[in-house]
Amino acid sequence: MSVEILQDLNKYAKALVNSGLVVGAGGNLSMRDGEYMYISPSGFDLKEIEESWVKVHIGTGEVLGDLKPSSEVLMHLECFRKNNEIKAVLHAHPTYSVGVSSAGKDILPMFPDFPAMVKRIKYMDYVIPTTSVLADAVSELIEDTDAIVMRNHGVLTVGRTMKEAFFFMQLIEEAAKVYYISSTMGTPRVLTDEECDELRNLSAETYRSKLLQEKRE
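Rules used throughout
- Residues numbered from 1 in each chain as written.
- Predicted model: local features only at pLDDT ≥ 70, side-chain atom pairs only at ≥ 80, totals over all residues.
- Heavy atoms only, no water.
- Axes fitted to C-alpha atoms, helices over the stretch in contact; angles between N-to-C directions.
- Helix = DSSP H or I, 4+ residues; strand = E, 2+ residues; numbered from the N terminus.
- Parallel < 35°, antiparallel > 145°, perpendicular 65-115°, else oblique.
- Left-handed = near helix turned anticlockwise from the far one by under 90°.
- Contact = heavy atoms within 4.5 Å.
- Nonpolar A, V, L, I, M, F, W, Y, C, P; charged D, E, K, R; others polar.
- Buried < 20%, exposed > 50% of the residue type's maximum accessible area, 1.4 Å probe, protein only.

A. Structural context of the packing of helix α2 (residues 73-82) against helix α5 (residues 132-141). Running from N to C, α2 and α5 cross one another at 25 degrees; their axes reach a closest spacing of 8 Å. In terms of axis orientation, α2 runs roughly parallel to α5. Two packed elements cross with a definite hand, and for α2 against α5 that hand is right-handed. Residues L74, M75, E78, C79 and K82 of α2 lie in contact with α5, whose contacting residues are S132, L134, A135, V138 and S139. For the contact of α2 with α5, a count of residues per class yields six nonpolar, two polar and two charged.

B. Looking closely at the packing of helix α3 (residues 95-102) against helix α6 (residues 162-185). One can describe the packing of α3 onto α6 by two numbers: an axis separation of 7 Å at closest approach and a directional angle of 60 degrees. With respect to each other, α3 and α6 are oriented oblique. Between α3 and α6 the crossing geometry is left-handed. Residue-level contacts link T95, Y96, S97 and V100 of α3 to I172, E173, A176, K177, Y179 and Y180 of α6. Class assignment for the residues of the contact of α3 with α6 results in six nonpolar, two polar and two charged.

C. Here's a closer look at the environment of A92. Structurally, the position occupied by A92 is in strand β5 (residues 88-92). With a relative accessible area of 0%, A92 lands in the buried category. Residues A92 and P112 lie 20 residues apart in sequence; the distance between their C-alpha atoms is 23 Å. Excluding residues that lie within four positions of it along the chain, A92 makes contacts with L16, L21, V22, G27, G154, V155 and M169.

Written as structure tokens, this is what we have:
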């Protein structure tokens, strides 16, 4: 594993916990390294992994080493297999995103960053976690999306860098939080399709998106 990949995995594993997007050993993340991926080990608190990332062959699913990979390893493998542009996969259990989506609601665009940066988002009804059934369901959706919101479960984001995947996760959770707060105060004013399209075409947003896709800060 390259030093760069190790640094990114450790940095964003800690960021997931520190941001409250996961609790304890919840959530998982992985990065592509040629024909292999490195994924968080099963049962570890994400803040304490350090160098214990599990190496898995993307094509065969063979696990190299003694540690057991995350129980969601099949889901991660499907992401990398379906889209070669995906370099990083993130799965978390953000409170507001799970709460809003599990109430049967979509997470709607109410502030500029959300529709401008997260251009493609899909929703999935509850599927039992850690199974091939979930991996197959993700496989059907992940090829042309940046994020999948799993009702009663969590959120999956992908990116060309881990920084991009993490930013998508943050924006989705912030959007869910804003939508929830607005709904408790009255009737939310949601951005129209036309307003969202205008935001996506802004040169400033295109530039920010490009920066997120660069390997290093």
